[in-house]
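A structural walkthrough
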Amino acid sequence: MATVTRTAIIAGTGQLPQVLAAALDRPVYVTLTDVAVPKGVDHVSARIEKLGKLFKELKSRGVEAVTFAGAMARPKVNPVLLDRHALRLATCLGKGDDALLREVIAVFEDQGFAIRSAIEICPDLALPTGTLWGRKPSATDVSDAARAHAVLDALSPLDVGQGAVCAGGQMLGVETLQGTNAMLGFVAATPAHLRRARGVFVKAPKAGQDLRIDVPTIGLETVEAVIAAGLGGLVVPAGGVIVLDRTGVKARVEEAGLFLHAI
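Just so it is clear, the model here is predicted, and its values are computed rather than measured.

**Description of the overall build of the protein chain**
- A tally of regular secondary structure across the protein chain gives 9 helices and 13 strands.
- Over its C-alpha trace the protein chain gives a radius of gyration of 19 Å, about what one expects of a compact globule, namely 18 Å for 263 residues.
- The dimensions of the protein chain, computed from C-alpha atoms along their principal axes, are 60 × 35 × 35 Å.
- Per-residue burial over the protein chain gives 47% buried out of 263 residues.

Dropping the structure here:
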């Protein structure tokens, strides 16, 4: 495999883009919206409507690969300004996330760029099989995690979301367009008399999801939302979910009497 000489980070919001910038040699930091740029990093400000211009900028800097990192909302585009590359993406804006992301990958690959996942760049972002922080899950926790995961697998073809909560065999929430924190906020508002157990939050990729571009991510904010929702723990697939601030997350999980299990 040929050595990649330079990687561009297509940066959204959150910590992940800056984590990757610190791990890469001479990264190019690409922003499509107003987000913070690390000091001393080569920066390109781009417009979604002018992808052809972005491709030329990246190639002029010797970029051979791109990685996508951070939260990105679906952009508002000016149809008058769309070049032929952006027009390909615009036709997918009304489809699900997976369809749009597959087209994003295709557009960049057609220009000769390799697509690198965040986990490829920083393998320690994902947890190895069997990782268990905090308390030991109960039999009910294990059963709830399995049911939540089964629901996510069943919904995968519909391109709905990456998170679900189950408590005592009852589904309390499924992540949709509003995101993880909105779902956990909804769960927090569920009256206690409707719950049969504390419940478990499962975060996982959709079946068949391309992890080069959209790796599910949790961090301290997620743990705090799980605590606020009164849940008993979190379950993620080993190697398939990014955990930001591992030290902080582990400490908070243990302090709160929760568990985090990578299976």
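**Comments concerning the side chain of Lys203**
- Tracing the backbone shows Lys203 in strand 9 (residues 200–203).
- Polar side-chain contacts of Lys203 include one of 2.8 Å to the side chain of Thr180.
- If near-sequence neighbours (up to four positions away) are discounted, Lys203 is found in contact with Gln162, Gly163, Glu175, Thr180, Pro216, Thr217, Ile218, Val235, Val236, Pro237 and Val241.

**Examining unusual backbone geometry**
- Backbone geometry places Arg26, a non-glycine residue, at a positive phi of 50 degrees.
- Tracing the sequence through the fold places Arg26 in the loop between helix 1 (16–23) and strand 2 (28–31).
- In the Ramachandran plot, Asp245 falls in the positive-phi region, its phi being about 55 degrees despite a non-glycine side chain.
- Mapped onto the elements of the fold, Asp245 is located in the loop between strand 12 (242–243) and helix 9 (246–255).
- By relative accessible area, which is 37% here, Asp245 ends up partly exposed.

**What to know about the sheet that holds strand 7 (residues 163–167)**
- Taken in spatial order, the 6 strands of this open sheet run 6-13-11-9-7-8, and their pairing is mixed. Pairing within the sheet leaves two strands with one partner each, and these edge strands are strand 6 (132–134) and strand 8 (170–174). On average, each strand axis in the sheet is tilted by 15 degrees relative to the strand beside it, whichever way the strands run.
- Pairing of strand 11 (residues 233–236) with strand 13 (residues 259–262), which is carried by 4 bridges, proceeds in the parallel orientation. Each bridged residue has a counterpart across the sheet, and for Gly233 the counterpart in strand 13 is Phe259.

**Looking at the packing of aromatic side chains**
- Scanning all chains against the criterion turns up 4 aromatic pairs.
- A centroid spacing of 5.1 Å and a plane angle of 85 degrees characterise the contact between Phe55 and Phe108, whose relative ring orientation is edge-to-face. Here Phe55 is found in helix 2 (residues 51–60), whereas its partner Phe108 is found in helix 4 (residues 97–110), with 53 residues between them in sequence. In terms of burial, Phe55 and Phe108 fall into one category: buried.
- With a centroid separation of 5.9 Å and 40 degrees between ring planes, the pair formed by Phe55 and Phe113 is classed as tilted. Taken together, the residues Phe55 in helix 2 and Phe113 in the loop between helix 4 and strand 5 (114–115) connect sequence positions 58 residues apart. In this structure, Phe55 and Phe113 share a single accessibility class: buried.
- Each residue in the set Phe55, Phe68, Phe108 and Phe113 is aromatic and connected to the rest through ring pairs, giving one cluster.

**Here's the deal with the side chain of Glu49**
- Mapped onto the fold, Glu49 is located in the loop between strand 3 (42–45) and helix 2.
- With a relative accessible area of 4%, Glu49 lands in the buried category.
- Excluding anything up to four places from it in sequence, Glu49 contacts Lys76, Val77, Asn78, Leu81, Leu82, Asp83 and Ala86.

**What to know about the packing of helix 8 (residues 220–228) against helix 9**
- Viewed as axis vectors pointing N to C, helix 8 and helix 9 meet at an angle of 15 degrees, and their least axial separation amounts to 9 Å. The angle between helix 8 and helix 9 falls in the class roughly parallel. As helix 8 packs across helix 9, the resulting crossing turns out to be right-handed. Residues Leu220, Val223, Glu224 and Ile227 of helix 8 lie in contact with helix 9, whose contacting residues are Gly248, Val249, Arg252 and Val253.
- For the contact of helix 8 with helix 9, the per-class residue count stands at 5 nonpolar, 1 polar and 2 charged.

**Side note on the packing of helix 7 (residues 180–188) against helix 8**
- Two elements in contact, helix 7 and helix 8, have axes separated by 8 Å at closest approach and are oriented at 15 degrees. Considering their axes alone, helix 7 and helix 8 lie roughly parallel with respect to each other. The interaxial crossing formed by helix 7 with helix 8 has left-handed handedness. Mapping the contact onto sequence places Thr180, Asn181, Leu184 and Ala188 in helix 7 and Glu221, Thr222, Ala225, Val226 and Ala228 in helix 8.
- When its residues are assigned to classes, the contact of helix 7 with helix 8 shows 5 nonpolar, 3 polar and 1 charged.

Reading the values: the criteria
- Residues numbered from 1 in each chain as written.
- Predicted model: local features only at pLDDT ≥ 70, side-chain atom pairs only at ≥ 80, totals over all residues.
- Heavy atoms only, no water.
- Helix = DSSP H or I, 4+ residues; strand = E, 2+ residues; numbered from the N terminus.
- Rg over C-alpha atoms; globule rule 2.2 N^0.38 Å.
- Buried < 20%, exposed > 50% of the residue type's maximum accessible area, 1.4 Å probe, protein only.
- Polar contact = N/O pair within 3.5 Å; in protein donor to acceptor, adjacent residues only side chain to side chain.
- Contact = heavy atoms within 4.5 Å.
- Pairing = 2+ DSSP bridges.
- Axes fitted to C-alpha atoms, helices over the stretch in contact; angles between N-to-C directions.
- Phe/Tyr/Trp six-rings, centres within 6.5 Å; stacked < 30°, edge-to-face > 60°.
- Parallel < 35°, antiparallel > 145°, perpendicular 65-115°, else oblique.
- Left-handed = near helix turned anticlockwise from the far one by under 90°.
- Nonpolar A, V, L, I, M, F, W, Y, C, P; charged D, E, K, R; others polar.

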